[in-house]
Amino acid sequence: MPERFKVHVSKDYLVFCSGHFISYEGDKCERLHGHNYRAFVEVEGPLDENFYVFDFIALKTLTKTITDELDHRMMLPTRNRVILLEESARSVRVRYKDREWVFPRDDCVLLPIENTTAELLARYIGERLREVLRSTHRFLPDVMRVEVEESFGQSASWEWRTEIAPA
Ligand SMILES: [Zn+2]
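Residues numbered from 1 in each chain as written. Predicted model: local features only at pLDDT ≥ 70, side-chain atom pairs only at ≥ 80, totals over all residues.

Caption draft 1: Quick peek at the overall build of the protein. A count of helices and strands for the protein gives two helices and twelve strands. Reading the secondary structure of the protein in the N-to-C direction produces β-β-β-β-β-α-β-β-β-β-β-α-β-β. Burial analysis of the protein (167 residues in total) assigns 26% to the buried set. A fraction of 62% describes how many contacts in the protein between residues 6 or more apart in sequence connect residues 24 or more apart. (Helix = DSSP H or I, 4+ residues; strand = E, 2+ residues; numbered from the N terminus. Buried ≥ 20, exposed ≤ 12 C-beta atoms within 10 Å, placed from the backbone. Contact = placed C-beta atoms within 7 Å.)

Set out below in C-alpha cells:
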C-alpha cells in the first residue's frame, strides 16, 4: 500500500453565519432561519518539493475567501424548483407559493445549487476550492473532502477523487 498524506484545515477558523431555508418533501419549505456554519477541508496528495501536500496557510486563506462570501448573507439557491428568485439591481424577491420575501441585493448570495442543504454547501465550497487550486496554484489533489457543520453534531460532507485513468 503506497503512502498517503493529508492536510486538514480547522473548523473554528472557517465559520460563516448565514441565513437560509430549504425546501423538502417536494413542496414544503422551512421558515427563514440561520446557522453558525463551520467548514472543514481536507486534501490528500503526494508530497511536493517542500515535503508537504499543500501549504496550510494558503489552504486556509483560500477556503476562508469562499466562506467569507457566505458570511452574514442570506443564502439563496438559484436552481430550486419551488423557491423562485427574481433578481434586480437592488433587491432579490423570493417566492414560495403564497409566501414572499424581499432582501437587499447585497445581503444575499445567490448560489448555483438546488437547495442550501449542508451537503450541497459542502460541494459548492469544494468545487470552488478545487477550481482555485487548479487555476491559480496548478494543484489538483488526489482526494478532497469538505464537511459543513450546521449545528453541533449535525454535519454533511462531500468527497471528490481524481479519476484514475485505466492502465
Ligand atoms: Zn437550516
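Further notes follow.
Caption draft 2: Summary view of the nonpolar core. Within the largest apolar cluster, 30 residues are counted, with the highest numbers of intra-cluster contacts made by Ala39, Val41, Leu121, Ile125, Val146 and Val148. Looking at this core element by element, the count peaks at seven residues for helix 2 (residues 118-137). With near-sequence residues (within four places) excluded, Leu121 lies in contact with Thr116 and Val148. (Core = buried A, V, L, I, M, F, W, Y, C linked by C-beta atoms within 7 Å.)

Caption draft 3: Inspection of the pairing of strand 8 (residues 91-96) at higher detail. Relative to strand 8, strand 7 (residues 84-87) runs antiparallel, the two being bridged by four bridges. Paired with Glu86 across the two strands is Arg93, which belongs to strand 8. In this antiparallel pair of consecutive strands, strand 7 and strand 8, the connection spans three residues. Relative to strand 9 (residues 99-104), strand 8 is paired through six bridges, and the arrangement is antiparallel. The residue bridging Tyr96 from the neighbouring strand is Arg99, located in strand 9. (Pairing = 2+ DSSP bridges.)

Caption draft 4: Molecular detail of helix 2. Counted at 1.5 Å a residue, the expected span for helix 2 with its 20 residues is 28 Å, and the 27 Å between its end C-alpha atoms agrees. Within helix 2, burial applies to Ala118, Leu120, Leu121, Ala122, Tyr124, Ile125, Gly126 and Leu129. Residues of helix 2 that are buried make contact with strand 5 (33-45), helix 1 (56-70), strand 10 (108-111), strand 11 (143-151) and strand 12 (154-161). Backbone geometry just after helix 2 places Arg138 at a positive phi near 50 degrees. (Expected span 1.5 Å × (residues − 1).)

Caption draft 5: Region of the structure containing helix 1. Along its 15 residues, helix 1 runs 21 Å from first to last C-alpha, staying within 8% of the 21 Å computed at 1.5 Å per residue. Those residues of helix 1 that sit buried are Leu59, Thr63, Ile66, Thr67 and Leu70. Buried positions along helix 1 lie against strand 1 (5-9), strand 2 (15-20), strand 5, strand 6 (74-77), strand 10 and helix 2. Note on helix 1: the residue one or two positions beyond its end, His72, has a positive phi of about 55 degrees.

Caption draft 6: Up close: the packing of helix 1 against helix 2. Between helix 1 and helix 2, the least distance of the axes is 10 Å, while the angle of their chain directions is 135 degrees. For the element pair helix 1 / helix 2, the angle class is oblique. Crossing handedness for the pair helix 1 and helix 2: right-handed. Side by side, helix 1 and helix 2 meet where Leu62, Thr63, Ile66 and Thr67 of the first sit next to Ile125, Arg128, Leu129 and Val132 of the second. The residue makeup of the contact of helix 1 with helix 2, split by class, is five nonpolar, two polar and one charged. (Axes fitted to C-alpha atoms, helices over the stretch in contact; angles between N-to-C directions. Parallel < 35°, antiparallel > 145°, perpendicular 65-115°, else oblique. Left-handed = near helix turned anticlockwise from the far one by under 90°. Nonpolar A, V, L, I, M, F, W, Y, C, P; charged D, E, K, R; others polar.)

Caption draft 7: Structural view of the sheet that holds strand 9. The strand order across the open sheet built from three strands is 7-8-9, with neighbouring strands paired in antiparallel fashion. Taken across any chain shown, the strands that pair with only one partner, and hence form the sheet edges, are strand 7 and strand 9. The average angle at which neighbouring strand axes cross in this sheet is 20 degrees, direction not considered.

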